[in-house]
Amino acid sequence: MSDQFTYSLLPHEETGVPSKVMKDLIAGGTFLESIAKAPYHWESFAAQANAQMNYSSEIREIVAKSFEHQNAHSTPSENASIAAFRSGALSVTTGHQLMVCGGTVFFEAKVLGAVALAKAASKALGVDVVPIFWMATEDHDFEEISSFSIGQHTFTWEYPDAKGPVGCLPTDGLAEQLEHWLENVPLNEAQRKLLQPRLQAYKECGNLADATRQWVRQWSEGLGLLVLDGQDATLKGAAAPLWSAEMEGDYSELIHKQTEALVSNGYQAQVFPREINLFDLRDGGRQRFEQADHRCPPEHISPNALMRPLYQEYLLPNLAYVGGGGELAYWLQLGEAFKKMDRPMPVLYLRDSLFIQNAKLQRALDKIGQPLSAILNHSVEALKKQFIANHLSLQAEGEALQLPLEAGIDQWNSSLKSAYPELEQHAQALRVKMIKLAQRTAETRYRAQKRRHAEVMEAVDTVYAMVYPDGAFWERKASYADLVGALGADPRDEIVENMSAIKAGTWVLSSKK
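Residues numbered from 1 in each chain as written. Predicted model: local features only at pLDDT ≥ 70, side-chain atom pairs only at ≥ 80, totals over all residues. Heavy atoms only, no water.

**Some thoughts on the overall build of the protein chain**
- On a plain count of helices and strands, the protein chain comes out with 24 helices and 13 strands.
- On the principal axes, the C-alpha backbone points of the protein chain span a range of 95 × 55 × 50 Å.
- Here the protein chain holds 513 residues, and the buried ones make up 53% of them.
- Counted over contacts in the protein chain with a minimum sequence separation of 6, partners at least 24 positions apart contribute 75%. (Helix = DSSP H or I, 4+ residues; strand = E, 2+ residues; numbered from the N terminus. Buried < 20%, exposed > 50% of the residue type's maximum accessible area, 1.4 Å probe, protein only. Contact = heavy atoms within 4.5 Å.)

**Observations regarding helix 24 (residues 492-499)**
- Burial analysis of helix 24 places six of its eight residues in the buried class, the great majority of the element.
- Those residues of helix 24 not exposed but buried are Arg492, Glu494, Ile495, Val496, Asn498 and Met499.
- Looking at the packing, one finds that the buried side of helix 24 touches strand 1 (5-11), helix 5 (106-125), helix 9 (208-219), strand 12 (353-356), helix 23 (480-487) and strand 13 (505-511).

**Section: the pattern of salt bridges**
- In this structure the tally under the stated criterion is 19 salt bridges.
- The closest approach of N and O atoms between arginine 213 and aspartate 210, which form a salt bridge, is 3.0 Å. With arginine 213 and aspartate 210 both in helix 9, this residue pair falls three residues apart, about one helical turn.
- On the accessibility criterion, aspartate 210 (33% relative accessible area) is partly exposed.
- Bridged by salt links that share partners, the residues Asp280, Arg282, Asp293 and Arg295 form one connected network. (Salt bridge = Lys/Arg side-chain N within 4 Å of Asp/Glu carboxyl O.)

**Some details on the layout of surface pockets**
- Roughly 1100 Å³ of internal volume is contained in the largest pocket.
- Residue assignment for the lining of the largest pocket shows that the elements contributing at least two residues are strand 2 (90-97), helix 5, strand 3 (129-136), strand 7 (278-280), strand 9 (301-303), helix 13 (307-315) and helix 14 (325-331).
- In terms of lining residues, the second largest pocket is bounded by 19 residues, among which Gly151, Gln152, Trp474, Ala478 and Asp482 are the most central.
- Top element by residues in the lining of the second largest pocket is helix 23. It accounts for three residues.
- Residues of the lining of the second largest pocket, tallied by class, amount to nine nonpolar, seven polar and three charged. (1 Å grid on protein atoms, 1.4 Å probe; cavity = no way out; pocket = protein on both sides within 12 Å on 5 of 7 lines; lining within 4 Å. Points joined across faces, edges and corners; volume = space filled by probe spheres on them. Nonpolar A, V, L, I, M, F, W, Y, C, P; charged D, E, K, R; others polar.)

**A look at the sheet that holds strand 1**
- What the three strands build is an open sheet, ordered 1-13-12; its pairing is mixed. Two strands close off the open sheet at either side, each with one partner strand: strand 1 and strand 12. Averaged over all pairs of adjacent strands, the angle between strand axes in this sheet comes to 25°, irrespective of strand direction.
- Sheet analysis places strand 12 next to strand 13, joined by four bridges and oriented parallel. What sits directly across from serine 353, in strand 13, is threonine 506. (Pairing = 2+ DSSP bridges. Axes fitted to C-alpha atoms, helices over the stretch in contact; angles between N-to-C directions.)

**Regarding the pairing of strand 3**
- Burial within strand 3 is extensive, with seven of its eight residues counted as buried.
- Of the strand pairs in this sheet, strand 2 and strand 3 are connected by eight bridges, and their pairing is parallel. Residue pairing in the sheet places leucine 90 in a bridge with valine 129 of strand 3.
- Crossover connection from strand 2 via helix 5 to parallel strand 3: handedness right-handed.
- Direction of pairing for strand 3 relative to strand 6 (residues 226-229): parallel, over a ladder of four bridges. Along strand 6, the bridge assignment pairs tryptophan 134 with leucine 228. (Right-handed = clockwise from strand over helix to strand, strands pointing away.)

**Details of the packing of aromatic side chains**
- Under the criterion given, the structure shown has 21 aromatic pairs.
- Relative to tryptophan 215, the ring of phenylalanine 107 has its centre 5.4 Å away and its plane inclined at 35°; by these criteria the two rings are tilted. Of this pair, phenylalanine 107 sits in helix 5 while tryptophan 215 is found in helix 9, placing the two residues 108 residues apart along the sequence. Just as phenylalanine 107 is buried, tryptophan 215 falls in that class too.
- With centroids separated by 6.1 Å and ring planes inclined at 15°, the aromatic side chains of tryptophan 331 and phenylalanine 338 adopt a geometry described as stacked. Accessibility assignment for this pair places tryptophan 331 and phenylalanine 338 in one class, buried.
- One aromatic cluster in this structure is built from Phe355, Tyr464, Tyr468, Phe473 and Trp474.
- For the cation-ring pair, lysine 340 lies above tyrosine 251, with the distance from its terminal atom to the ring centre recorded as 5.6 Å. (Phe/Tyr/Trp six-rings, centres within 6.5 Å; stacked < 30°, edge-to-face > 60°. Lys NZ or Arg CZ within 6 Å of the ring centre and 35° of its normal.)

Below, the structure is given as structure tokens:
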């Protein structure tokens, strides 16, 4: 355990961070259990290990050679992982787009989560398990990968002519723009130490895929992580039967069927399935196949978001895939497709989240008398109402004011009906209107209480602005450089040590200094 940082875990089951579909997946016992295994139980991992016994030794050797080819000048920990993989190790995989400098903090969180889960699974199951990072080099959404922030400073890679797979984009312009930007951003020593190798990779490498591979390997050195790029002619060739079947719409039909089943059970489709879920890379861009083309060489075929998991699992003996809620939601559209491919769907492991609790946030939490877990479980307005109800007895006050008023209305109503029996309906309608008008005073009194306690209400707003900047959870806005800057050091190894358990959630970090 580190002497520099403190850690606490808020399990996903106990916060409002995961979506409904992810909470149902974690809990088990719903329709989703017919598609995927419950993720936070070693029994699910043991069953997956058993299901991977039919993994092809031929594919294993092809992938092992790709690891060697793609990761030149491998380190001792990489060599050990490659040797273990070649000898029969299973794997835990995560993946992400090639975000500039990692983008938001959950890029690194996913990598560390995969490393930690592989370590824990190996110990629990008594088998070798290696962590793998799958680079989404074929993604073509440049705008999504081009920015990242440090504090209030945002960098955006300007490349007006960007097109095609982002992994192929040259990085000389990126390096020049990033270097100039970093010169004008206040950084501490820990942040400079983190970012310098990333800048150096953009300077030294010919494209974004090679640069990302270089800095991810540098940053994760010693953790045994293996980096894999699916845009590889040998790997694409090995998966030729997958492409051929999808050209005929075989998998698309099953994906449509599974998607319809999800929707009929109250869930939303995360990705819209196409008739052919493949792209054509032959013109240097990335265009959808509108009709089958069996003449296209495998290396020029690119899977879309729904086919990429099938391609990945065709190649890897995964125990689990570590992903975010949005990612795992579209994996759930693939249950029937995995059955056709005769490969087991991995355990869908909802990744850990990271959050920094600094002194300013702690003071604000102390002022409102609430733990961070309450912020993650309630909207800002719900918490304000709860505060007033708890501390100012609004409900009791409301009853004290409301009961005599309603009693008076009932007495008036009774007197009117007694004097004018023919006006009974009119009297009853007036009573309903008067009761509703009386009840409206509760909201008016709530607003008055807010004004009386503006200081506390302001503290609630401050807390929510820190936890949900611009309405999004902190880790979706902040970068790993923000986390390192707040702590004064990179907590990489300590995060892996703390995450190495079957349960996942939001890890709350703070510095002891």
